[in-house]
Amino acid sequence: MVQYTDAAPSLEEMTVLRPASCCCGDAIIGVEGEAEIHGICHCNDCRRRTGSAFGWSAYFRDDQIMRKTGKMLRYTISGNEPQERHFCARCGSTLFWKTSSPRLDGLTGIAGGNFVEPPLPEPKISFRSHQKCGWVTLPSDWQVR
Ligand SMILES: [Zn+2]
Ligand SMILES: [Zn+2]
């Protein structure tokens, strides 16, 4: 288990820092600026991570990660793109992950739905769209991969 000791962001910091927090509120990762890659993904790994029809992921440069708070545990998934996923030790929400993919080198993936106040903007890219649930309809101006 990793205990991150950064203090929770103050109210003033919240205006520049975008916090992603877990369900119970113990674990927070705070970022600055906009995501480098921002999309949803329909693969089985993303579905299992979220328990939903697709995963919503925002990749920020490692130097945009300003704050980590709370006790987190991690696990690794193997496969084409091995990932190390970090989740709240108390409630289990996955907050962030690192992948071994060279195209994601230097980036940290953060679970998009965990940014609540303020929420992230519309993601605009759909990944692994061939695995999409038939009942999911994407906006016509999104990039579909
Ligand atoms: Zn939690
Ligand atoms: Zn995926």
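Residues numbered from 1 in each chain as written. Chains lettered and ligands numbered in written order. Predicted model: local features only at pLDDT ≥ 70, side-chain atom pairs only at ≥ 80, totals over all residues.

### Quick look at the pairing of strand β6 (residues 65–77)
When strand β1 (residues 2–5) meets β6, the two strands line up antiparallel, connected through 4 bridges. In the strand pairing of β6, Thr-5 is matched with Thr-69. Examined bridge by bridge, strand β3 (residues 28–31) and β6 share 4 bridges and lie antiparallel to one another. By the bridge assignment for β6, Val-31 is matched with Ile-65. (Pairing = 2+ DSSP bridges. Helix = DSSP H or I, 4+ residues; strand = E, 2+ residues; numbered from the N terminus.)

### Things to note about the nonpolar core
Counting residues in hydrophobic clusters, the biggest one holds 20 residues, and the most contacted among them are Ala-20, Ala-27, Ile-29, Phe-60, Cys-88, Leu-95 and Ile-110. Secondary-structure elements contributing two or more residues to this core are β3, β5 (55–61), β7 (83–88), β8 (94–99) and β9 (107–111). The residues touching Ala-27, leaving out its near neighbours within four places in the chain, are Ser-21, Cys-22, Thr-69, Gly-70, Lys-71, Met-72, Cys-88 and Leu-95. One finds Cys-41, Cys-46, Phe-54 and Phe-127 within the second-largest nonpolar core, a separate group that totals 5 residues. (Core = buried A, V, L, I, M, F, W, Y, C linked by C-beta atoms within 7 Å. Buried ≥ 20, exposed ≤ 12 C-beta atoms within 10 Å, placed from the backbone. Contact = placed C-beta atoms within 7 Å.)

### A closer look at unusual backbone geometry
In this model, Glu-117 is joined to Pro-118 through a cis peptide bond whose omega is -5°. Looking at where Pro-118 falls in the secondary structure, it is placed in the loop between β9 and β10 (125–127). With phi around 75°, Lys-124 is a residue other than glycine that occupies positive phi space. Its place among the elements puts Lys-124 in the loop between β9 and β10. C-beta crowding within 10 Å serves as the criterion here: with 13 such atoms nearby, Lys-124 is assigned to the partly exposed category. Here the phi dihedral of Arg-128 falls at roughly 50°; this positive angle occurs in a residue that is not glycine. Within the element layout of this structure, Arg-128 appears in the loop between β10 and β11 (143–144). The class of Arg-128 is partly exposed, set by 17 C-beta atoms lying within 10 Å.

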